[in-house]
Amino acid sequence: MAKIDTSKIPGYAEMSAEDKLKALEAFEYDDNAAEVERLKGAVSKANSEAAGWKKKHNELLTEDERKKQEDADALANMKKELDELRKDKTISEFKAKLIAQGYDEALASDTAQAMADGDTAKVFANQGKFLEDYAKKVKADAMKKTPKPPAGDGSSDIDYSKKIEEAQQSGDMAAVAYYTRLKAQEEAQAKQNE
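This section reports on the structure supplied with the text. Computed from a predicted model, the values in this text were never measured in an experiment.

### Description of the packing of helix α4 (residues 105-117) against helix α5 (residues 120-145)
The packing of two helices is summarised by the inter-axis angle and the distance between the axes.
Then comes step 1: It is at 9 Å that the axes of α4 and α5 come closest, and there the two elements cross at 155°. As the angle between them shows, α4 and α5 are arranged roughly antiparallel. Viewed along their axes, α4 and α5 form a crossing whose handedness is left-handed. Each of Leu107, Asp110, Thr111, Ala114 and Met115 in α4 lies in contact with α5, whose residues at this interface are Lys122, Val123, Asn126, Lys129 and Phe130.
Then comes step 2: Split by residue class, the contact of α4 with α5 holds 5 nonpolar, 2 polar and 3 charged.

Shown next as structure tokens:
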């Protein structure tokens, strides 16, 4: 809101507080509403004229200029499409590599998208999920491959000497110890049964 110019009120500085209040209540502003409306109209007219000139300019463009503009637009669209195709190709390559490493398809897609977008936090989170699932799978596979102990009298058809020799050749000392223990148990059981 505009401030009142007290210099336009004669003798304002020497007035008492009550007189100043009465003078301020009686003060009338200059009415600028007509000027504001005139300026709004001028801006509106200028905008209309600018739009008209722009339309005339576009109509006066030569066929070559229009062709250049269309070519520029087509080139911009092709660049955009090429960028999208490159990103899709990158995502597909990442996804294929992740699946080859053992990722399931959904996790590989999500991780590949995050890699292409540069979202490292999501990449690391997904890698953590993969490692958890992979560790569970390895444990389950190891449990499936573990031979079951023989039932009954403790004797089995397994040649533990052969198993010990295979484990020694492969350098798996844990398996050597395991089969040596089983062989000793089988021999002890055989002696008891005699």
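### Comments concerning a negative patch on the surface
Then comes step 1: Together, Glu81, Asp83, Glu84 and Asp88 make up a region of like negative charge exposed at the surface.
Then comes step 2: For glutamate 81, a relative accessible area of 49% gives the class partly exposed.

### Section: the packing of helix α3 (residues 63-100) against α4
Then comes step 1: One can describe the packing of α3 onto α4 by two numbers: an axis separation of 8 Å at closest approach and a directional angle of 135°. With respect to their mutual orientation, α3 and α4 come out oblique. Viewed along their axes, α3 and α4 form a crossing whose handedness is right-handed. For the pair formed by α3 and α4, the contact residues are Lys87, Ile91, Phe94, Lys95, Leu98 and Ile99 on the first element and Glu105, Ala108, Ser109, Thr111, Ala112, Gln113, Met115, Ala116 and Asp117 on the second.

### Here's the deal with the pattern of salt bridges
It is possible for side chains bearing opposite charge to pair when their charged atoms get close.
Then comes step 1: Inspection of every chain in the model, using the stated rule, returns 6 salt bridges.
Then comes step 2: The closest approach of N and O atoms between aspartate 117 and lysine 87, which form a salt bridge, is 2.7 Å. With aspartate 117 in helix α4 and lysine 87 in helix α3, this pair connects stretches of sequence that are 30 residues apart.
Then comes step 3: Residue classification places lysine 87 among the partly exposed positions, given a relative accessible area of 37%.
Then comes step 4: Of the charged contacts, one joins glutamate 93 and lysine 89 as a salt bridge, the two residues approaching to 3.0 Å between their closest N and O atoms. Taken as a pair, glutamate 93 and lysine 89 lie in helix α3 at a separation of 4 residues, close to a single helical turn.

Conventions used here
Residues numbered from 1 in each chain as written. Predicted model: local features only at pLDDT ≥ 70, side-chain atom pairs only at ≥ 80, totals over all residues. Heavy atoms only, no water. Axes fitted to C-alpha atoms, helices over the stretch in contact; angles between N-to-C directions. Helix = DSSP H or I, 4+ residues; strand = E, 2+ residues; numbered from the N terminus. Parallel < 35°, antiparallel > 145°, perpendicular 65-115°, else oblique. Left-handed = near helix turned anticlockwise from the far one by under 90°. Contact = heavy atoms within 4.5 Å. Nonpolar A, V, L, I, M, F, W, Y, C, P; charged D, E, K, R; others polar. Patch = residues over 30% accessible without salt bridge, like charges linked within 9 Å, V, L, I, M, F, W, Y side chains within 5 Å. Areas by Shrake-Rupley, 256 points an atom, 1.4 Å probe, with all protein chains shown as cover. Salt bridge = Lys/Arg side-chain N within 4 Å of Asp/Glu carboxyl O. Lys, Arg positive; Asp, Glu negative; His and termini not counted. Charge placed at Lys NZ, Arg CZ, Asp CG, Glu CD. Buried < 20%, exposed > 50% of the residue type's maximum accessible area, 1.4 Å probe, protein only.

So far we have only geometry, and geometry alone does not tell us how the molecule works.
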